[in-house]
Amino acid sequence: MCRRIKSQLFSTTNSGSFLVSSATVSLETSPQLKAENQILLGDALFREREFRRAIHTYKQALHYYKIIPKQSSASSRSSLSNRSSSPNSFNISAINENEVKFKIASCHATLNETRAALVEMEGIPSKARTLQMSLLMAKLYRSSKHTRLAITCYKECLRHCPFVIEAIVALAELGVAAKDVISLFSQVSNRSGRAPLDHIDSTRWLQRYVEAQCCIASNDYKGGLELFGELLQRFPNNIHILLEIARTEAIIGKNDEAIMNFEKVRSIDPYVVTYMDEYAMLLKTKGDFSKLNKLVHDLLGIDPTRPEVFVALSVLWEKKDERGALSYAEKSIRIDERHIPGYIMKGTFTLVTKADSEAAVIAFRGAQELRADLRSYQGLVSFLFGILQN
């Protein structure tokens, strides 16, 4: 069967299941063909977010892979570079065991099964890990509070490619010094054979970006804002930089400036969700419920599964139903246990409803552990003030 037709058959799980279960394939003596078909079916299941079925299907593929004759198996490994490690890929080529393990780990990670995901990833030799694999391992180790291992993996990401912004931000938040992060950029040349990146004038902005994130992570908000301001001059209307500036301004209480920058972002790209819960909290503080209503309506139409959307909902529902608002805040944390605004809103609503003062303290401290924030400090002060009054 030609590749184009086979790709079309596996574009959905229903059509792909016919090919996998056909009598011809069931009697096929080649385990490699069976393994390839199972991987393609697993990819279709992944795209349709049927992660449990995808895991089972990928493991069936590995079972068939292990019984492929050695000569064929060696040929499969030799074509590593020809197959995408993304579960969304339609490439049909020889099987790579490490990439199938990565796909299984990705499913477990999506299901918040961190330990199971790490078991799969740790079975991949370090030299065989791609950028995407190193990034996933870093996230998993960080989620498991294995800080040193997370730092090692994030550094490996930057050795693959210095422009992985997520890795730069994570290393800054994990306390790695700016100079140590920047030193990784020169190591890219050892892999690519090109001139070291820190000697190329056009990439000096990246060093400024690292310095800005390290300033923010160390609570030097003034220094971070100055550096982000310099970057904005070089990259006018850059949404990422504008969002970083707005979020930082919100953290330190520069509400008017933050609102202005959030509104600028929405005027450039009305489909941005990142940090929009921070914007929602500012609108509530300002009492601008008309804009808050519109913002929440827009966010629900963009992606109702994001934690920012649930925090924005909790902000909107605060005056209508405090317990309902609290449940939205808790939902945001279940989606992303590192989502700081979720902890802040949970602490705030728990204090307001007087449901559980200890839970409020835990929520505010959880936010503080992730990042120093004026609002979580204010929440803890409000709690202590309430105790003194009683």
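Going by the structure above, here's the rest.
Residues numbered from 1 in each chain as written. Predicted model: local features only at pLDDT ≥ 70, side-chain atom pairs only at ≥ 80, totals over all residues. Heavy atoms only, no water.

Looking at where Ile216 falls in the secondary structure, it is placed in helix α14 (residues 204–217). Apart from the residues lying within four places of it in its own chain, the contact partners of Ile216 are Tyr221, Gly224, Phe228, Arg247 and Thr248. (Helix = DSSP H or I, 4+ residues; strand = E, 2+ residues; numbered from the N terminus. Contact = heavy atoms within 4.5 Å.)

Further remarks concern unusual backbone geometry. Not every positive phi belongs to a glycine, and Lys145 is a case in point at roughly 65°. In this fold, Lys145 is placed in the loop between α9 (131–143) and α10 (147–160). The exposure class assigned to Lys145 is exposed, which follows from its relative accessible area of 70%. (Buried < 20%, exposed > 50% of the residue type's maximum accessible area, 1.4 Å probe, protein only.)

Turning to the nonpolar core, a few remarks are in order. Met121, Leu158, Phe262 and Met276 are the most contacted members of the largest nonpolar core, which has 87 residues in total. Setting aside anything within four residues of it in sequence, one finds Met121 in contact with Phe102, Ala105, Arg129, Met133, Leu136, Met137 and Leu140. Of all hydrophobic cores here, the second largest spans 17 residues; its members include Leu41, Ile55, Ala61 and Leu62. (Core = buried A, V, L, I, M, F, W, Y, C linked by side-chain atoms within 4.5 Å.)

Take the packing of helix α18 (residues 276–286) against helix α19 (residues 289–302) next. Where α18 meets α19, the axes come as close as 8 Å, and the angle between the chain directions of the two elements is 160°. For the element pair α18 / α19, the angle class is roughly antiparallel. As α18 packs across α19, the resulting crossing turns out to be left-handed. Within the contact between the two elements, α18 uses Met276, Tyr279, Ala280, Leu283 and Lys284 and α19 uses Phe289, Lys291, Leu292, Leu295 and Leu299. Taken together, the residues of the contact of α18 with α19 sort by class into eight nonpolar, no polar and two charged. (Axes fitted to C-alpha atoms, helices over the stretch in contact; angles between N-to-C directions. Parallel < 35°, antiparallel > 145°, perpendicular 65-115°, else oblique. Left-handed = near helix turned anticlockwise from the far one by under 90°. Nonpolar A, V, L, I, M, F, W, Y, C, P; charged D, E, K, R; others polar.)

In this section: the packing of helix α15 (residues 221–234) against helix α16 (residues 239–251). Packing of α15 against α16 brings their axes to within 10 Å, and their N-to-C directions diverge by 155°. As the angle between them shows, α15 and α16 are arranged roughly antiparallel. The two elements α15 and α16 cross, and the hand of that crossing is left-handed. From α15, Tyr221, Leu225, Phe228, Gly229, Leu231 and Leu232 reach across to α16, where they touch Ile241, Leu242, Glu244, Ile245, Thr248, Glu249 and Ile251. The class makeup of the residues in the contact of α15 with α16 is nine nonpolar, two polar and two charged.

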